[in-house]
Amino acid sequence: MTRVGVFGANGRVGKLILEDLKTTDDISLSSVFVRNNLDFNVDPSVLVSSDIDAFLNACDIVIDFSLPDACEVLLEGALKHPKPLVIGTTGLSTHQANLLKQASEKMPVLYATNMSLGVALLNKLVYQASAALEDFDIEIVEMHHKHKKDSPSGTALTLSESAARGRGLDLNKVRVSGRDGDIGERTKDEIGVMALRGGDIVGRHTVGFYNDGEFIELNHTATSRNTFSKGAIRAASWLVDKEEGLYTISDCLEL
Ligand SMILES: NC(=O)C1=CN([C@@H]2O[C@H](COP(=O)(O)OP(=O)(O)OC[C@H]3O[C@@H](n4cnc5c(N)ncnc54)[C@H](OP(=O)(O)O)[C@@H]3O)[C@@H](O)[C@H]2O)C=CC1
Ligand SMILES: O=C(O)C1=N[C@H](C(=O)O)C[C@H](O)C1
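Residues numbered from 1 in each chain as written. Chains lettered and ligands numbered in written order. Predicted model: local features only at pLDDT ≥ 70, side-chain atom pairs only at ≥ 80, totals over all residues. Heavy atoms only, no water.

1. Observations regarding the UniProt feature "active site" (unreviewed entry) in the chain
Taking the UniProt record as the reference, the feature "active site" (unreviewed entry) is found at His-144 and Lys-148. Along the chain, His-144 falls in strand β7 (residues 137–144). Every residue in contact with His-144, bar those within four places of it in the chain, is listed here: Ser-153, Leu-196, Arg-197, Gly-198, Ile-201, Val-202, Gly-203 and His-205. Within the structure, the side chain of His-144 is placed 2.7 Å from the side chain of Glu-142, a separation counted as a polar contact. (UniProt positions renumbered as here; feature names shortened; annotations may be inferred. Helix = DSSP H or I, 4+ residues; strand = E, 2+ residues; numbered from the N terminus. Contact = heavy atoms within 4.5 Å. Polar contact = N/O pair within 3.5 Å; in protein donor to acceptor, adjacent residues only side chain to side chain.)

See below:
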């Protein structure tokens with residue numbers, strides 16, 4: 001039985017991971033990290049702790065859906081006590097992304113800005129379309145619930161990386177994430193990545209390829225957050241016996 005530690009268990013996704021683990025074979029909850037209290041009860045055999053070392057000691061693998069600063073605490077702890085990590089937290093700073101890379105030199109780390117099968121495939125399609133439709137303008141729109149803190153979404157940024165790679169472009173030089181005022185005409189290479197927020201939208205991403213006379217739009221809509229929690233548990237079962245290294249959701253899904 002694989003013992004899972006959940007980081008961010010009070011959160012929208014974290015709570016679902018705890019629920020989904022109850023109905024999963026060969027993998028079960030053994031520890032929960034909290035900064036204050038857990039908002040609900042768990043089986044008394046589960047360690048609930050705000051001590052990162054104790055939390056890591058009590059599990060074989062960690063699943064993290066928290067916030068960037070919290071994820072940093074996890075990565076620093078894991079650098080001292082290596083443990084396989086499945087990380088879904090988005091909005092990481094450059095420093096936090098570097099810590100994640102450092103961690104992957106000591107332990108297996110699967111980082112995915114979106115744990116769904118659909119978005120994993122969408123990334124492949126976007127790469128292909130971007131390369132094939134070289135004269136088309138690329139614009140990405142993401143929509144999420146009003147509680148989301150980071151923008152653009154991690155998924156939109158990953159999709160824009162796929163689009164930039166398809167064209168051999170450096171995303172840092174071509175990404176435009178806001179247009180307001182007298183901005184002039186659109187330049188050929190820019191990749192627009194725009195964010196909308198409202199209500200309870202679980203997650204919607206549209207990657208459009210626009211030319212004179214025609215356009216194509218590729219869309220993925222998550223209709224349930226369980227898509228992410230179940231995807232993360234599947235990733236944990238796959239990652240637990242891997243060697244150190246940085247893995248993607250496509251590796252796990254063999255896409
Ligand atoms: N990769 C993917 O497929 C997906 C990724 N996400 C990403 O996952 C993350 C979480 O999303 P969501 O569940 O909606 O967010 P929530 O805000 O609902 O949950 C965040 C969790 O992080 C915990 N947390 C915050 N700060 C700290 C801290 N300093 N130390 C310890 N724990 C902390 C909170 O604990 P407490 O309540 O105790 O404060 C809470 O449990 C986001 O980055 C989101 O973008 C979301 C969906 C899918
Ligand atoms: O915060 C969310 O809710 C989501 N975050 C992820 C992201 O930033 O891409 C994935 C998903 O779209 C939901």
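Still more ground to cover, so stick around.
2. Let's talk about the environment of Ile-61
In this structure, Ile-61 sits in strand β4 (residues 61–64). Expressed as a C-alpha distance, the spacing of Ile-61 and Thr-2, which sit 59 residues apart in the sequence, is 7.7 Å. Discounting chain neighbours no more than four positions away, the residues touching Ile-61 are Thr-2, Arg-3, Val-4, Gly-5, Lys-83, Pro-84, Leu-85, Val-86, Ala-236, Leu-239 and Val-240.

3. Some remarks on the site of ligand 2
In the vicinity of ligand 2, 13 residues are found, and the nearest of them are His-144, His-145, Lys-148, Gly-154 and Thr-155. Between ligand 2 and Thr-155 there is a distance of 2.5 Å, counted from an oxygen atom to a side-chain nitrogen or oxygen. Relative to its unbound accessible surface of 330 Å², ligand 2 loses 85% to contact with the protein. The class makeup of the residues in the shell around ligand 2 is 2 nonpolar, 9 polar and 2 charged. (Near = heavy atom within 4 Å. Areas by Shrake-Rupley, 256 points an atom, 1.4 Å probe, with all protein chains shown as cover. Nonpolar A, V, L, I, M, F, W, Y, C, P; charged D, E, K, R; others polar.)

4. So, the site of ligand 1
In the vicinity of ligand 1 there are 21 residues, among which Arg-12, Arg-35, Thr-90, Met-115 and Lys-148 approach most closely. Within the backbone of Thr-113, an N or O atom sits 3.1 Å from a nitrogen atom of ligand 1. In this structure, Lys-148 approaches ligand 1 through a side-chain N or O atom, which is 2.8 Å from an oxygen atom. When the free accessible area of ligand 1 is taken as 930 Å², the share hidden by the protein chains comes to 83%. The residue makeup of the shell around ligand 1, split by class, is 8 nonpolar, 9 polar and 4 charged.

5. As for the packing of aromatic side chains
Tallied over the full model, the rule gives 5 aromatic pairs. Between the aromatic rings of Trp-238 and Tyr-247, the centroid separation amounts to 5.4 Å while the plane-to-plane angle is 85°, which identifies the pairing as edge-to-face. Assessed through its relative accessible area of 17%, Tyr-247 is described here as buried. Within the aromatic cluster, the residues linked to one another by ring pairs are Phe-7, Phe-33 and Phe-55. Sitting over the face of the ring of Trp-238, Lys-242 holds its NZ or CZ atom 4.5 Å from the ring centroid. (Phe/Tyr/Trp six-rings, centres within 6.5 Å; stacked < 30°, edge-to-face > 60°. Buried < 20%, exposed > 50% of the residue type's maximum accessible area, 1.4 Å probe, protein only. Lys NZ or Arg CZ within 6 Å of the ring centre and 35° of its normal.)

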